[in-house]
Amino acid sequence: MLCPECGKRPATIHYKKVVNGQKTEYHLCELCAQEKGEQMPGFDHGFSFHHLLSGLLNFEPITQMGNPQDDASHSPQVLRCPSCGLTYNQFSKIGRFGCSDCYSTFQQWLDPLMRKVHGNTKHNGKVPERARGKIRMRHDLEKLKEQLHRKIHEEAFEEAAQIRDQIRALQRQLETE
Amino acid sequence: MSLENFIQRATSEWMKVKGPQSDIVFSSRVRIARNLTELPFPMMAGTSQGEKVVKTIEKAWKKIKKHQPILQSAELIRMENLTDLEKRVLVEKHLISPSLAEDSRHGAAIISHDESLSIMINEEDHLRIQVLYPGLQLEKAWELASSIDNLLEKELSFAFDDQVGYMTNCPTNVGTGIRASVMVHLPALAMTQQLNRLIPAIMQVGLAVRGIYGEGSEALGQLYQVSNQVTLGQSEEEIIENLIGVVLQMIEHEQSARTRLTSISIIQLEDRVYRSLGILAYSRIMDSKEAMKRLSDVRLGIDLGMIQDVGSNVMNELMVMIQPGFLQQYAGERLNPEERDIQRADLIRERLRMEKQTD
Ligand SMILES: [Zn+2]
Ligand SMILES: [Zn+2]
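Treat the numbers as computed from the prediction; the structure is a model and nothing was measured.

Novice: Can you explain the packing of helix 6 (residues 138-155) of chain B against helix 9 (residues 236-264) of chain B? Please cite residues and give values.
Specialist: Residue and element names in this part refer to chain B. Orientation of helix 6 relative to helix 9, taken along the N-to-C sense of each, is 155°, at an axis distance of 10 Å. By the angle between their directions, the pair helix 6 and helix 9 is classed as roughly antiparallel. Two packed elements cross with a definite hand, and for helix 6 against helix 9 that hand is right-handed. Residue-level contacts link Leu138, Glu139 and Trp142 of helix 6 to Glu236, Glu237, Ile240, Leu243 and Ile244 of helix 9. Classifying every residue of the contact of helix 6 with helix 9 by side-chain character gives five nonpolar, no polar and three charged.

Pasting the structure below:
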């Protein structure tokens with residue numbers, strides 16, 4: 001069955017709750033259950049930690065501070081990840097990302113969040129081979145641009161033209177990767 | 001099923017080998033989180049997307065497995081094809097997490113024949129590569145996990161960013177995505193009441209400590225898991241070195257506490273150890289709390305050379321096998337808690353009797 005709350009994801013969490021003597025059955029997807037803040041037995045770390053974490057997210061983003069007249073389209077309440085659909089509200093409540101694009105969608109909260117959780121904001125470990133290739137290409141590109149300037153300065157136009165072609169090829173490669 | 005056969009199946013190959021520092025460090029584990037680009041994390045995935053993740057990873061594994069014997073021997077298991085009991089046993093062997101067993105959609109795991117490698121699919125993240133080794137062998141575990149990661153990366157595109165590193169579902173895993181942990185047995189520190197001072201000190205250097213079995217602050221069997229908390233800003237090697245440094249200090253403290261105990265109150269200690277051995281060898285009903293406590297005592301007695309006719313791995317074996325999933329698998333039927341306590345006592349008695357016979 002589909003989760004009646006969002007109508008999108010399958011309901012995977014089922015439980016009964018007694019409110020004012022009335023027993024009600026709930027069927028929710030994991031996300032909606034987390035949003036409701038239900039304490040589910042058997043969860044690896046429970047939700048308490050994520051409640052704690054999400055508390056960290058309920059602050060004004062840096063770019064908005066001292067800028068209260070910002071129009072509604074910039075208000076975080078309507079912000080939504082274009083790839084997975086996670087809203088700012090969900091993100092701030094559950095303190096989790098829905099996909100890799102969420103990182104750019106919620107970019108403005110990233111640094112303060114990472115500093116609170118890790119005391120750091122910059123990765124300093126393993127880099128995958130693919131990304132290594134990209135980083136090297138970017139590095140080469142910078143070097144070639146410097147060379148281009150030098151050759152133009154020296155009025156060595158033929159060589160400059162060759163370097164320009166190399167730069168274009170590299171740029172194209174970087175874009176398609 | 002005979003007990004011998006059951007043990008054969010119940011204990012992972014990697015558990016049968018003695019690792020370095022294995023009198024105090026039972027096992028080392030390294031787990032790294034990875035996600036695919038283009039697909040939402042499991043939390044946001046629809047049914048077809050969840051299935052696509054499994055298919056994509058399965059395809060990659062089949063392509064690369066010839067390069068790595070441990071992958072060649074592995075098997076892909078889908079959670080939906082397992083009974084609750086089978087899943088529970090995998091959790092008790094630490095091969096999958098409780099949340100993969102209970103809450104995942106399209107959850108699966110690629111588990112190597114010796115069970116030292118397990119790749120969880122569609123847990124919190126698309127991939128969780130886990131390596132388990134006996135004793136203190138974190139560097140070796142990281143090496144294997146990283147090499148599996150390199151192989152997979154040839155076929156898969158992982159979500160990575162220059163600034164935040166590997167992108168994960170939970171911010172606590174961002175960056176390296178690594179969680180390194182060791183399981184340590186600290187009975188002497190517990191007996192001499194030094195843990196209340198030691199644990200806060202360990203937490204201060206950015207590590208987490210928790211009891212492995214049992215709830216809350218109570219650690220059953222004096223087994224603790226120590227792991228890194230920070231995953232962003234330090235390299236994997238730094239994280240592991242830092243953890244090893246702290247674990248070596250814990251080993252030193254535990255060893256000197258053991259020495260002190262044997263010099264001050266050897267008769268009291270011997271009494272405690274043999275009393276526990278007697279109870280394990282003859283009881284008819286035993287709950288898991290008592291069993292863990294007694295097994296911990298006996299294991300200490302073995303490590304101190306007091307008990308010589310019981311192998312030290314018997315205790316590690318039993319600590320795994322007396323859990324509810326295993327007991328029920330051994331019995332071949334569902335058991336209620338009272339029946340489990342009887343089955344547990346039976347299993348321990350039989351296992352100890354087997355030890356005497358092989359002498
Ligand atoms: Zn829902
Ligand atoms: Zn997203």
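Novice: How would you sum up the coordination of the zinc ion (ligand 2)? Please name residues and give values.
Specialist: All names here are of chain A. Note on the zinc ion (ligand 2): its protein donors are Cys81 (SG), Cys84 (SG), Cys99 (SG) and Cys102 (SG). The metal-donor distances range over 2.3 to 2.4 Å. Here the zinc ion (ligand 2) is ringed by four donor atoms whose angles at the metal span 98 to 123°, and the overall shape comes out tetrahedral. In primary sequence terms, the donor set of the zinc ion (ligand 2) follows C-x2-C-x14-C-x2-C. Highlighted residues: Cys81 in the loop between helix 2 (48-57) and helix 3 (88-94) and Cys99 in the loop between helix 3 and helix 4 (102-105), separated in sequence by 18 residues. Each member of the pair Cys81 and Cys99 is classed as buried.

Novice: Now, about the packing of aromatic side chains: what can you tell me, with residues and values included?
Specialist: Counted by the stated rule, this structure contains six aromatic pairs over all chains. Taking the centre distance of 5.3 Å and the plane angle of 35° together, the rings of Phe91(A) and Phe97(A) count as tilted. Exposure remark for Phe91(A): the relative accessible area of 0% places this residue in the buried category. Among the aromatic residues, ring-to-ring pairing joins Tyr88(A), Phe91(A), Phe97(A), Tyr103(A), Phe106(A) and Trp109(A) into one connected group. Across the ring face of Trp61(B), the terminal group of Lys65(B) is positioned such that the distance to the ring centre comes to 4.5 Å.

Novice: Just give me the short version of the interface of chain A and chain B, but keep the residues and values in it.
Specialist: Between chain A and chain B, the contact holds 42 residues from the first and 49 residues from the second. It is His118(A), His123(A) and Lys126(A) in chain A that bury the most area against chain B; as a group they hold 20% of the surface buried on that side. At the boundary of chain A and chain B, one finds two salt bridges. A salt bridge links Arg96(A) to Glu124(B); the shortest N-O distance between them is 3.2 Å. Seen at the junction of chain A and chain B, the total is 18 residue pairs in polar contact (both at pLDDT 80 or more). Breaking the side of chain A that touches chain B down by element, the ones donating at least two residues are helix 1 (30-36), helix 2, helix 5 (107-118) and helix 6 (129-153) of chain A.

Rules behind the numbers
Residues numbered from 1 in each chain as written. Chains lettered and ligands numbered in written order. Predicted model: local features only at pLDDT ≥ 70, side-chain atom pairs only at ≥ 80, totals over all residues. Heavy atoms only, no water. Axes fitted to C-alpha atoms, helices over the stretch in contact; angles between N-to-C directions. Helix = DSSP H or I, 4+ residues; strand = E, 2+ residues; numbered from the N terminus. Parallel < 35°, antiparallel > 145°, perpendicular 65-115°, else oblique. Left-handed = near helix turned anticlockwise from the far one by under 90°. Contact = heavy atoms within 4.5 Å. Nonpolar A, V, L, I, M, F, W, Y, C, P; charged D, E, K, R; others polar. Donors = N, O, S within 2.8 Å, 3.2 Å for Na, K, Ca; no water. Tetrahedral: all angles 85-135°; square planar, octahedral: opposite > 155°, others 65-115°. Buried < 20%, exposed > 50% of the residue type's maximum accessible area, 1.4 Å probe, protein only. Phe/Tyr/Trp six-rings, centres within 6.5 Å; stacked < 30°, edge-to-face > 60°. Lys NZ or Arg CZ within 6 Å of the ring centre and 35° of its normal. Buried area = accessible area lost by both parts, 1.4 Å probe. Salt bridge = Lys/Arg side-chain N within 4 Å of Asp/Glu carboxyl O. Polar contact = N/O pair within 3.5 Å; in protein donor to acceptor, adjacent residues only side chain to side chain.

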